[in-house]
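Structure assessment
The residues making up each chain are set out below.
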Amino acid sequence: MKTGPVLVPVLGDQLSPALSSLADRSRNDTVVLMMEVADETTYVRHHQAKIALILSAMRHFAEDLRAQGWQVDYVALDDPDNTGSFTGEVQRAVQRHGARGVEVTEPGEWRVRQMFDGWAGVLGVPVRVMPDTRFVCALPDFMAWAQGRRELRMEWFYRDMRRQTGLLMQGDQPEGGRWNFDADNRSGPEAGLTPPAPLHFAPDAVTQDVIALVRSRFGNHFGSLERFGWPVTRADAMRLLDHFIATRLADFGRWQDAMLADHDTMFHALVAPALNLGLLDPVEVCRKVEAAYRRGDAPLAAAEGFVRQVIGWREYIRGMYWLMMPDLATANALDATRDLPDFWWTGETRMRCIAQTVRATRDNAYAHHIQRLMIMGNFALIAGLDPQQVAAWFLAVYADAYEWVELPNVAGMALHADGGRLASKPYAASGAYISRMSDYCKGCQYNVKLKTGPDACPFNALYWHFLDRNTERLSRNPRLAQPYATWRRMSDDKRAEYVTSAEAFLATLD
Ligand code: DLZ
Ligand code: SF4
């Protein structure tokens, strides 16, 4: 029987003071283990700024824990004995400290859960995996909610989360008499719309060290470090949240879906990276937004739209991830097999919407939800790109992306690869939608008004090509009845023109 301390591994996205694995432990009987490991930095080729963000936030969090009296064993990436994997490092640390057991909060990703499940067999000490309590909905509760339901729609789940948290509620009724104000949140940009500049956090000495490390080790990964300005501590993450509430929240709802080439982040909160690292707590974030609404500083539609993303969509997505894994990782209901074109990395394409989104992604490791869903995701859907390659891209390039949140959004929401378990219809759209919601088309070499031919916006013909090639699978979907009826009403010549035009474009991708 070993008598050493208990080892508590804390992963890079578990940077929360209230982590379940730490909650009941005493400081003099615990060693916290934090590990920078090659496996995690390269299981996809993450954006350089994403790696810098995570490693810097980890180093800052370790300092915070030490300041609170915890003993932290921190393994740096360039430690000569670093084995490069969580399992290897936990094994070494159990030896080093003569640990009598390991207690760890469950990980966000299936891949890592598989590792944890193997630990009991290899470590020679008891391993206790504890639930991640940093979500509103515990996973067993989500599974119970999903059990026996034919349709797992976010909207019903979201209402339960509102009731459970009391956020934006009047007794048992939703504030304002409606659960969802999404219809008020879909304006395209109007002339002269100028969002306030985002808050930028200048890298401190710790972050500068990490940036130098990332440059030397991962300088050939996608993405720029030039403008790195993400918050890497809880205190700065709170400042970012306060800045959002003070300067952006009031307009957030209305322009939530709008895109401007010169304003990469529009009115978005930019808190997802900090939330998903654990620096911010979802309910705390929502309470602050709710308070701004109650003070009269933001309209209900903006506050509700924000709260829905955090306690509705984010929680639902996490539940759906664990419900659908591991099958979701290889799901391909629409048999999409085309390779990711190079311009997803280079941005070198005549399609200005894609060029701008890739450029913004490279600069910031960020794009907002409509750039992700309706530019990149929509293109991938209607061009038939391979879901696994698309998912790996999204996982690599966005600072907030971990598989639990990325995969259901990409394979389910954007690509319909799950056969529609998550979203009731595929989010396919032609150039008209992008033109309405952005200023991209104005400077584009393609003409969004032209339907077919070499100068026509490729999204136009691809949209019909997508519906046509998926007739068997999708035409019975009631939410697609109208577009299929329109398609059938077209003359044979017109339909053939669309198909020829789309195929000519697709041939340029191969
Ligand atoms: C994403 C990431 C990266 C790039 N590096 C590390 C790391 O060096 N050490 C670490 O503990 N975590 C890292 N992470 C986050 C993990 O991949 C994440 O905790 C798991 O994917 C579980 O969600
Ligand atoms: Fe994108 Fe088409 Fe608009 Fe060009 S015309 S920006 S390709 S939607």
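The sections below set out a description of the structure shown in this document. (Residues numbered from 1 in each chain as written. Chains lettered and ligands numbered in written order. Predicted model: local features only at pLDDT ≥ 70, side-chain atom pairs only at ≥ 80, totals over all residues. Heavy atoms only, no water.)

1. Some details on the site of ligand 1
Near ligand 1, the surroundings consist of 18 residues, among which Gly 12, Asp 13, Met 35, Glu 40 and Glu 109 are the closest. At a separation of 2.5 Å, an oxygen atom of ligand 1 approaches a polar side-chain atom of Glu 40. With respect to ligand 1, the side chain of Arg 111 contributes an N or O atom lying 3.2 Å from an oxygen atom. In isolation ligand 1 exposes 490 Å². Once the protein is present, 100% of that is buried. For the shell around ligand 1, the elements supplying multiple residues, two or more each, are helix H2 (38–42), helix H3 (48–67) and helix H5 (110–123). Counting residues per element, the shell around ligand 1 draws most heavily on H3, at 3 residues. Across the shell around ligand 1, the residue classes tally to 9 nonpolar, 4 polar and 5 charged. (Near = heavy atom within 4 Å. Polar contact = N/O pair within 3.5 Å; in protein donor to acceptor, adjacent residues only side chain to side chain. Areas by Shrake-Rupley, 256 points an atom, 1.4 Å probe, with all protein chains shown as cover. Helix = DSSP H or I, 4+ residues; strand = E, 2+ residues; numbered from the N terminus. Nonpolar A, V, L, I, M, F, W, Y, C, P; charged D, E, K, R; others polar.)

2. Describing the pattern of salt bridges
Counted by the stated rule, this structure contains 35 salt bridges. A salt bridge links Arg 59 to Glu 36; the shortest N-O distance between them is 2.7 Å. Of this pair, Arg 59 sits in helix H3 while Glu 36 sits in the loop between strand E2 (30–35) and H2; the two residues are 23 residues apart in sequence, bridging distant segments of the chain. (Salt bridge = Lys/Arg side-chain N within 4 Å of Asp/Glu carboxyl O.)

3. As for the nonpolar core
By size, the foremost hydrophobic cluster in this structure holds 169 residues, and its most contacted members are Met 34, Tyr 316, Trp 344, Ile 354 and Phe 379. Of all the elements, helix H13 (residues 300–324) adds the most residues to this core, at 15 residues. Sequence-distant contacts of Tyr 316, defined by excluding residues within four places in its chain, comprise Phe 142, Trp 145, Leu 152, Arg 153, Met 154, Phe 157, Arg 421 and Leu 422. (Core = buried A, V, L, I, M, F, W, Y, C linked by side-chain atoms within 4.5 Å. Buried < 20%, exposed > 50% of the residue type's maximum accessible area, 1.4 Å probe, protein only. Contact = heavy atoms within 4.5 Å.)

4. So, the site of ligand 2
Surrounding ligand 2, one finds Met 351, Cys 353, Ile 434, Tyr 440, Cys 441, Cys 444, Tyr 446, Val 448, Cys 457 and Phe 459. Classifying every residue of the shell around ligand 2 by side-chain character gives 10 nonpolar, no polar and no charged.

5. Points about the pairing of strand E4 (residues 101–105)
With 5 of 5 residues buried, E4 lies mostly within the body of the structure. Alternating positions in E4 separate into two faces, Gly 101, Glu 103 and Thr 105 on one and Val 102 and Val 104 on the other, with burial throughout. Here strand E1 (residues 6–9) runs beside E4; their pairing, made up of 2 bridges, is parallel. Each bridged residue has a counterpart across the sheet, and for Leu 7 the counterpart in E4 is Val 102. Where E4 meets strand E5 (residues 127–130), 4 bridges bridge the pair, whose relative direction is parallel. For Val 102, the partnering residue across the bridge sits in E5 and is Val 127. After leaving E4, the chain enters H5 and then returns to the sheet as E5, a path that is right-handed. (Pairing = 2+ DSSP bridges. Right-handed = clockwise from strand over helix to strand, strands pointing away.)

6. Let's talk about helix H4 (residues 86–97)
The first and last C-alpha atoms of H4 sit 16 Å apart over 12 residues, in line with the 16 Å expected at 1.5 Å per residue. Those residues of H4 that sit buried are Phe 86, Gly 88, Glu 89, Val 90, Ala 93 and Val 94. In this structure, the buried side of H4 is in contact with E1, E2, H2, strand E3 (71–75), E4 and H5. Gly 98 lies just past H4 and shows a positive phi near 55°. (Expected span 1.5 Å × (residues − 1).)

7. With respect to the pairing of E3
Taken across its 5 residues, E3 has 4 buried, putting it largely inside the fold. Note: E2 against E3, 5 bridges, orientation parallel. Its bridge partner being in E3, Leu 33 is matched across the sheet by Asp 73.

8. Quick word on the sheet that holds E4
Strand order in the open sheet formed by 5 strands is E3-E2-E1-E4-E5, and the pairing between neighbours is parallel. The open sheet has two edge strands with one neighbour each: E3 and E5. Within the sheet, the average angular offset between the axes of one strand and its neighbour, ignoring direction, is 25°. The strands touched by H3 are E2 and E3; relative to E3, the strand with the most contacts, the crossing angle is about 155°. Contacts from H4 reach E1, E2, E3 and E4 within the one sheet, and its direction differs from that of E2 by about 150°. (Axes fitted to C-alpha atoms, helices over the stretch in contact; angles between N-to-C directions.)

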